[in-house]
Amino acid sequence: MEDKKIAFVSGANRGLGFEFSKQLTDRGWTVIAGYRSEETSRQLLELAGSSELLHAFRVDIADNKQVERLKKYLSENFGQLDLLVNNAAINPGEDASLSDVSSQDILQATSVNVIGVLDTTRQLIPLLRKGKNPRVVNVGSRAGLASHARNKTIPYGLSKSMLNMLTAQQAEAYRDDDIAVIVITPGWVRTDMGGSDADLSPEESIAGMLTVIDRVTLNDTGAFFDHKGERLTYD
Ligand SMILES: NC(=O)c1ccc[n+]([C@@H]2O[C@H](COP(=O)([O-])OP(=O)(O)OC[C@H]3O[C@@H](n4cnc5c(N)ncnc54)[C@H](OP(=O)(O)O)[C@@H]3O)[C@@H](O)[C@H]2O)c1
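Residues numbered from 1 in each chain as written. Predicted model: local features only at pLDDT ≥ 70, side-chain atom pairs only at ≥ 80, totals over all residues. Heavy atoms only, no water.

Engineer: Mind showing me how you'd approach the side chain of Thr120 here?
Structural biologist: Within the fold, Thr120 resides in helix α4 (residues 103-129). The class for Thr120 is buried, based on a relative accessible area of 1%. Here the side chain of Thr120 touches Gly116 through a polar contact of 2.6 Å, landing on its backbone oxygen. (Helix = DSSP H or I, 4+ residues; strand = E, 2+ residues; numbered from the N terminus. Buried < 20%, exposed > 50% of the residue type's maximum accessible area, 1.4 Å probe, protein only. Polar contact = N/O pair within 3.5 Å; in protein donor to acceptor, adjacent residues only side chain to side chain.)

Structure representation (structure tokens):
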């Protein structure tokens, strides 16, 4: 257990979360990969079945009872957490304009992309306190910046903007615990969310982000990075 590096990744059955889990295990990390449904997680479950380092755990981050179960599972089986990747997110009502955007979509985006991150993180803080160089990585987006307000994806943009503020608040709250908290944007990536025209493959984006995450120390807490390690401002 001593030398093990333990990570939890939310939304790890597909897209960037799956690739995060794969590349972290390739680097020797023990990864607990969150998924919601067995039917849509075959690839992850197969990989977990053939890897000693990869463990799949069913958790919907918008359901705080399930997040509590995750905390219990991690406490009983691993006893510490070195890296929390808050990756899971949704993008409902992406084509709506301000005249027709639904408040339900805004609430739904907020409940996963913001409250899910807040709740997962606060539940896992006691385990992160026991970790080595503990880091929380919130996967953000340029869609949360005021300079990108002209884009559609209104519920998503609002939620990612809130995620930036949440990152700043978490950075302050957990500084004295020596836990670094950053927000990072993966770039525009070919996943279900990014679509097939996107610039980057998941492999390229994750390789870049892991290089950045590797270098994160407490001095970086609160920072917003892109996948190449450029520092962005919150506006
Ligand atoms: N792709 C891009 O171009 C891009 C750009 C900027 C930022 N990002 C960010 O990168 C992250 C990953 O995006 P992606 O492109 O990989 O998206 P994706 O392909 O749509 O995958 C989203 C993942 O989140 C999971 N998820 C959704 N709601 C959840 C919940 N309530 N609890 C647990 N898991 C949940 C999904 O699980 P199910 O399969 O069960 O639905 C899926 O595994 C997100 O934070 C996204 O905002 C992506």
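Engineer: Explain the environment of Ala62 here, please?
Structural biologist: Relative to the assigned elements, Ala62 resides in the loop between β3 (54-58) and α3 (64-77). C-alpha separation for the pair Ala62 and Ile115, spaced 53 residues apart in sequence, amounts to 7.1 Å. What Ala62 contacts, discounting residues up to four positions off in sequence, is Ser111 and Val112. (Contact = heavy atoms within 4.5 Å.)

Engineer: Is there a simple way to think about the pattern of salt bridges in this case?
Structural biologist: Two side chains of opposite charge can pair, provided their charged atoms sit close to one another. Counted under the stated rule, the structure contains nine salt bridges. Between Arg142 and Asp226 there is a salt bridge, with the nearest N and O atoms lying 3.6 Å from each other. One end of the pair, Arg142, is in the loop between β5 (135-139) and α5 (154-174); the other, Asp226, is in strand β7 (residues 224-226), and 84 residues separate them in sequence. On the basis of relative accessibility, which here comes to 29%, the residue Arg142 falls in the partly exposed class. Arg175 is paired through a salt bridge with Glu172; the nearest N and O atoms lie 2.9 Å apart. Residue Arg175 is classed as partly exposed on the basis of its relative accessible area, which comes to 33%. (Salt bridge = Lys/Arg side-chain N within 4 Å of Asp/Glu carboxyl O.)

Engineer: What is the right way to look at the sheet that holds β7 in this model?
Structural biologist: As a general point, the strands of a sheet are linked pairwise by backbone hydrogen bonds and lie either parallel or antiparallel. The strand order across the open sheet built from eight strands is β3-β2-β1-β4-β5-β6-β7-β8, with neighbouring strands paired in mixed fashion. Pairing within the sheet leaves two strands with one partner each, and these edge strands are β3 and β8 (231-232). Relative to β8, β7 runs antiparallel, the two sharing two bridges. When the sheet's bridge partners are listed, Phe225 is paired in β8 with Arg231. (Pairing = 2+ DSSP bridges.)

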